[in-house]
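# Structure at a glance
Residue-level listing of the chains:
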Amino acid sequence: MIDALGKALGPRLNGAALLSVMAGRTCEALSEAARLAGAEIPVLRAMPNTPSSVGAGISGLYASAAATPEQTSICHDLLFAVGDVVPVENENDLSVVTAISGSGPAYVFLLAELLEKAGQQHGLAPNVARRLARGTIYGAGRMLDDLPESAEDLRKAVTSPNGTTAAALAILMKPDAWPETVPKAIDAATKRADELAG
Ligand SMILES: NC(=O)C1=CN([C@@H]2O[C@H](COP(=O)(O)OP(=O)(O)OC[C@H]3O[C@@H](n4cnc5c(N)ncnc54)[C@H](O)[C@@H]3O)[C@@H](O)[C@H]2O)C=CC1
Ligand SMILES: O=C(O)[C@@H]1CCC=N1
């Protein structure tokens, strides 16, 4: 697709910079595609995420050496219009950025799905379970954003001694549960981003 796009746009690209949001595809491969299409242009790569659609995105941004500070600044501002921007110095880091924040909303949505289903299995009406699951994730996200405490400290503050949270976390924090599966999932997504480089 990028090759076809290059062919169509090539002659008009000179003087421009290319900001790609494609997972995996490297600046070098994109520069080469543009070069084949007759344009020598600097390439920058961003990894945004879907919360950008509600102005709450977070994007990793990498500028190849060929990009000018002005081009980098324009791309930063473009992404900043829909959320926060984290510059990365090494292009390779975009793979783990993709795994954490690019794909990350899906992990949170999965948690929302599972909380909602569990609530229903315990007899809550679907709309009640849905409101509770979504409201909880929204509120916890707000706390993470607004408060200076670490995620660990916020978790501990919810966990009353010998209470309900401790009972749930004893399952989720078993060594072969989230502490093992979350890093494994991030490894798999990072590896896939590397593979998508081609
Ligand atoms: N979905 C996400 O949260 C994010 C996706 N990306 C990147 O955005 C890109 C698109 O991802 P998605 O939107 O998830 O995929 P998608 O498969 O949902 O959307 C791709 C769209 O491109 C269209 N398309 C495919 N080939 C085409 C062609 N030759 N000419 C014109 N249109 C064509 C398809 O019909 C489809 O509407 C990928 O490179 C992905 O890595 C980046 C950050 C986040
Ligand atoms: O799933 C994907 O490959 C893309 C990249 C990040 C989010 N969606």
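So, how was this worked out
- Residues numbered from 1 in each chain as written.
- Chains lettered and ligands numbered in written order.
- Predicted model: local features only at pLDDT ≥ 70, side-chain atom pairs only at ≥ 80, totals over all residues.
- Heavy atoms only, no water.
- Helix = DSSP H or I, 4+ residues; strand = E, 2+ residues; numbered from the N terminus.
- Rg over C-alpha atoms; globule rule 2.2 N^0.38 Å.
- Buried < 20%, exposed > 50% of the residue type's maximum accessible area, 1.4 Å probe, protein only.
- Areas by Shrake-Rupley, 256 points an atom, 1.4 Å probe, with all protein chains shown as cover.
- Lys, Arg positive; Asp, Glu negative; His and termini not counted.
- Charge placed at Lys NZ, Arg CZ, Asp CG, Glu CD.
- Domains from an automatic or database assignment.
- Contact = heavy atoms within 4.5 Å.
- Buried area = accessible area lost by both parts, 1.4 Å probe.
- Polar contact = N/O pair within 3.5 Å; in protein donor to acceptor, adjacent residues only side chain to side chain.
- Nonpolar A, V, L, I, M, F, W, Y, C, P; charged D, E, K, R; others polar.
- UniProt positions renumbered as here; feature names shortened; annotations may be inferred.
- Near = heavy atom within 4 Å.
- Patch = residues over 30% accessible without salt bridge, like charges linked within 9 Å, V, L, I, M, F, W, Y side chains within 5 Å.
- Salt bridge = Lys/Arg side-chain N within 4 Å of Asp/Glu carboxyl O.
- Pairing = 2+ DSSP bridges.
- Axes fitted to C-alpha atoms, helices over the stretch in contact; angles between N-to-C directions.
- Right-handed = clockwise from strand over helix to strand, strands pointing away.

Let us now look at the overall build of the protein chain. Helices and strands together make up the secondary structure of the protein chain, namely nine helices and four strands. For the protein chain, the succession of helices and strands along the chain, N to C, is α-β-α-β-β-α-β-α-α-α-α-α-α. In terms of overall size, the protein chain is more extended than a compact globule, its C-alpha atoms giving a radius of gyration of 21 Å where 198 residues would be expected to give roughly 16 Å. Its C-alpha atoms give the protein chain principal-axis dimensions of roughly 65 × 30 × 30 Å. Buried positions account for 28% of the 198 residues belonging to the protein chain. If you sum the accessible surface of the protein chain, you get close to 12,800 Å²; carbon and sulfur atoms cover 62% of it. Here the protein chain holds 16 positive side-chain charges and 22 negative ones, and the gap between their average locations is 9 Å.

It is worth spelling out the domain arrangement of the protein chain at this point. Partitioning the protein chain into domains gives domain 1 (2–94) and domain 2 (104–196). Taken together, the contacts link six residues of domain 1 with four residues of domain 2. Together, the buried faces of domain 1 and domain 2 total about 340 Å²; carbon and sulfur atoms form 63% of this surface. For the domain 1 face of the interface with domain 2, the top three residues by lost area are A23, G24 and T50, together amounting to 59%. At the junction of domain 1 and domain 2, the tally comes to zero residue pairs in polar contact (both at pLDDT 80 or more). Its residues assigned to classes, the side of domain 1 that touches domain 2 shows two nonpolar, three polar and one charged.

Okay, the UniProt feature "domain: Pyrroline-5-carboxylate reductase dimerisation" (unreviewed entry) in the protein chain next. Here the UniProt feature "domain: Pyrroline-5-carboxylate reductase dimerisation" (unreviewed entry) sits at residues 91–196. Between the end C-alpha atoms of residues 91–196 there is a gap of 14 Å, over a span that is 80% helix and 0% strand.

Moving on: the side chain of S64. Its place among the elements puts S64 in the loop between strand 3 (57–63) and helix 3 (69–80). Filtering out sequence-adjacent residues up to four positions away, S64 remains in contact with C27 and V43.

With that settled, consider the site of ligand 2. All residues adjacent to ligand 2 are A23, T98, G102 and S103. Here ligand 2 has 240 Å² of accessible area as a free molecule, and 46% of this is covered by the chains.

Our next topic: a nonpolar patch on the surface. A surface patch of nonpolar side chains, amounting to about 340 Å² of accessible area, comprises L111, L115, W178 and V182. Taken together, the elements giving at least two residues each to the nonpolar patch come down to helix 5 (104–121) and helix 9 (178–196). Overall, L115 belongs to the partly exposed group, its relative accessible area being 39%.

In space, the four strands of this open sheet follow the order 1-2-3-4, with mixed pairing throughout. Each edge of the open sheet is held by one strand with a lone partner, namely strand 1 (18–20) and strand 4 (83–87). Averaged over neighbouring strand pairs, the angle between their axes works out to 25° when direction is ignored. Strand direction decides the pairing type here: strand 1 and strand 2 (residues 43–47), joined by three bridges, are parallel. Along strand 2, the bridge assignment pairs L18 with V43.

Time to look at the pairing of strand 3. Burial runs high along strand 3: five of the seven residues are buried. In this sheet, strand 3 lies alongside strand 2 in antiparallel orientation, the contact comprising four bridges. Counterpart to A46 in the pairing with strand 3 is L61. Two strands pair when backbone bridges link them, and strand 3 and strand 4 are joined in this way by five bridges, in the parallel orientation. Note that in strand 4 the partner of S59 across the bridge is V85. Handedness of the strand 3-helix 3-strand 4 crossover: right-handed.

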